[in-house]
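Each chain, written out:
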Number of protein chains: 2
Amino acid sequence: MRYAKPWWYKRMIEEGIKFTLQRKLILDVLNRTKKHLSAEEIYFIVRKFYPNIGFATVYRTLDLLTKIGIVIKLNFGDGRMRYELAEKENASHIHLICKNCGKVFEDGGDENEKIKEIEKNISSRYNFKVENLKIFFMGKCENCQKGGD
Amino acid sequence: MRYAKPWWYKRMIEEGIKFTLQRKLILDVLNRTKKHLSAEEIYFIVRKFYPNIGFATVYRTLDLLTKIGIVIKLNFGDGRMRYELAEKENASHIHLICKNCGKVFEDGGDENEKIKEIEKNISSRYNFKVENLKIFFMGKCENCQKGGD
DNA sequence: CTGCATGCAAAACTTTTGCAGAATC
DNA sequence: GATTCTGCAAAAGTTTTGCATGCAG
């Protein structure tokens, strides 16, 4: 074959689930975007390439992919779940959420070492096996601080 | 008066909102529990003392109290929001969520210093004014690690 | 072929909203 | 006494589910 299959293809085969066109398209969308998309947003993007896809399929796929660790489910408290490829979550990045404009920024990972330390402490203190983590800082972004309220 | 009014009473007066019985009861529930209650749970507890309270009132109250910072809205990704008194959030505690049994544990605050450092770095690096933060560690708790799956 | 996956539509949930009546300050 | 708050019921929005059909392996 011409191109190597993406890493998630392997995982899916490994798990014995089918690599259908719909699933491929959903994963492509997640792979191409830098944003944290909601199920609805994903649905509408996929529809451009595959107009017949159903809402239920999007939800079921995201659910499935979340369960086997290919996708990460995020919640910024705005009433809907958002999704991203797990790959991108590796570096335990910090999400900065502006309470004013709602924008989500991400720390590049400069705090990774400190986070790892905390993780280590927590793990041993509570005998808790950390599999992944989410860190949200809520406040006001640079722009909104300037712009008054 | 015999007893000092709780701190949130002041905040509410300050904000010019009324300290109604329903609001008092909701705050009492939040104040007495150690758990992170959902709106529904709060509703049913308050109903024991005040059977006529409506769902909408609970939601509106929690919303209002969240807006003025008396209550913190949390989301553990299980499809419903959970609430706690802001007071308890002060120490930027870490939530440990067991993916297996769903239990939520809390770190006592032993990592506070490291968290503060991270917060400081983030603030200056992005000019982001951090107002509050949430840290979730997902994984397997001690019990579930023992018990096999 | 066989069973897993999909699409559709309806259901299930949580949360929000409109409005008339009630309670607070 | 005016305004804010409440309760009810209905609406809105997201996510889940049942079932017949379709498709991947």
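Note that the structure is a prediction, hence the values are computed from the model and not measured.

Engineer: Tell me about the packing of helix α3 (residues 39-49) of chain B against helix α4 (residues 55-67) of chain B, and please be specific about residues and values.
Structural biologist: Residues and elements named next belong to chain B. For the pair α3 and α4, interaxial distance at closest approach is 10 Å and the crossing angle is 120°. Relative to α4, the element α3 is oriented oblique. The handedness of the crossing between α3 and α4 is right-handed. From α3, A39, E40, I42 and Y43 reach across to α4, where they touch F55, V58, Y59 and L62. Taken together, the residues of the contact of α3 with α4 sort by class into seven nonpolar, no polar and one charged.

Engineer: Go over the sheet that holds strand β5 (residues 104-106) of chain A, please, and point to the residues and values.
Structural biologist: Strands sit in the order β5(A)-β4(A)-β6(A)-β6(B)-β4(B)-β5(B) across an open sheet of six strands; the sheet is mixed. Edge positions in the open sheet fall to β5 of chain A together with β5 (104-106) of chain B, since each of these has one partner strand only. Strand-to-strand twist of the sheet, defined as the mean angle between neighbouring strand axes without regard to direction, takes the value 25°. Direction of pairing for strand β4 (residues 94-98) of chain B relative to strand β6 (residues 129-140) of chain B: parallel, over a ladder of five bridges. In the strand pairing of β6 of chain B, I97 of chain B is matched with M138 of chain B. Across the face of the sheet, helix α5 (residues 112-126) of chain B comes into contact with β4 (94-98), β5 and β6 (129-140) of chain A together with β4 and β6 of chain B while running at roughly 130° to β6 of chain B.

Rules and cut-offs
Residues numbered from 1 in each chain as written. Chains lettered and ligands numbered in written order. Predicted model: local features only at pLDDT ≥ 70, side-chain atom pairs only at ≥ 80, totals over all residues. Heavy atoms only, no water. Axes fitted to C-alpha atoms, helices over the stretch in contact; angles between N-to-C directions. Helix = DSSP H or I, 4+ residues; strand = E, 2+ residues; numbered from the N terminus. Parallel < 35°, antiparallel > 145°, perpendicular 65-115°, else oblique. Left-handed = near helix turned anticlockwise from the far one by under 90°. Contact = heavy atoms within 4.5 Å. Nonpolar A, V, L, I, M, F, W, Y, C, P; charged D, E, K, R; others polar. Pairing = 2+ DSSP bridges.

Keep in mind that these numbers describe shape and distance, not what the molecule does.
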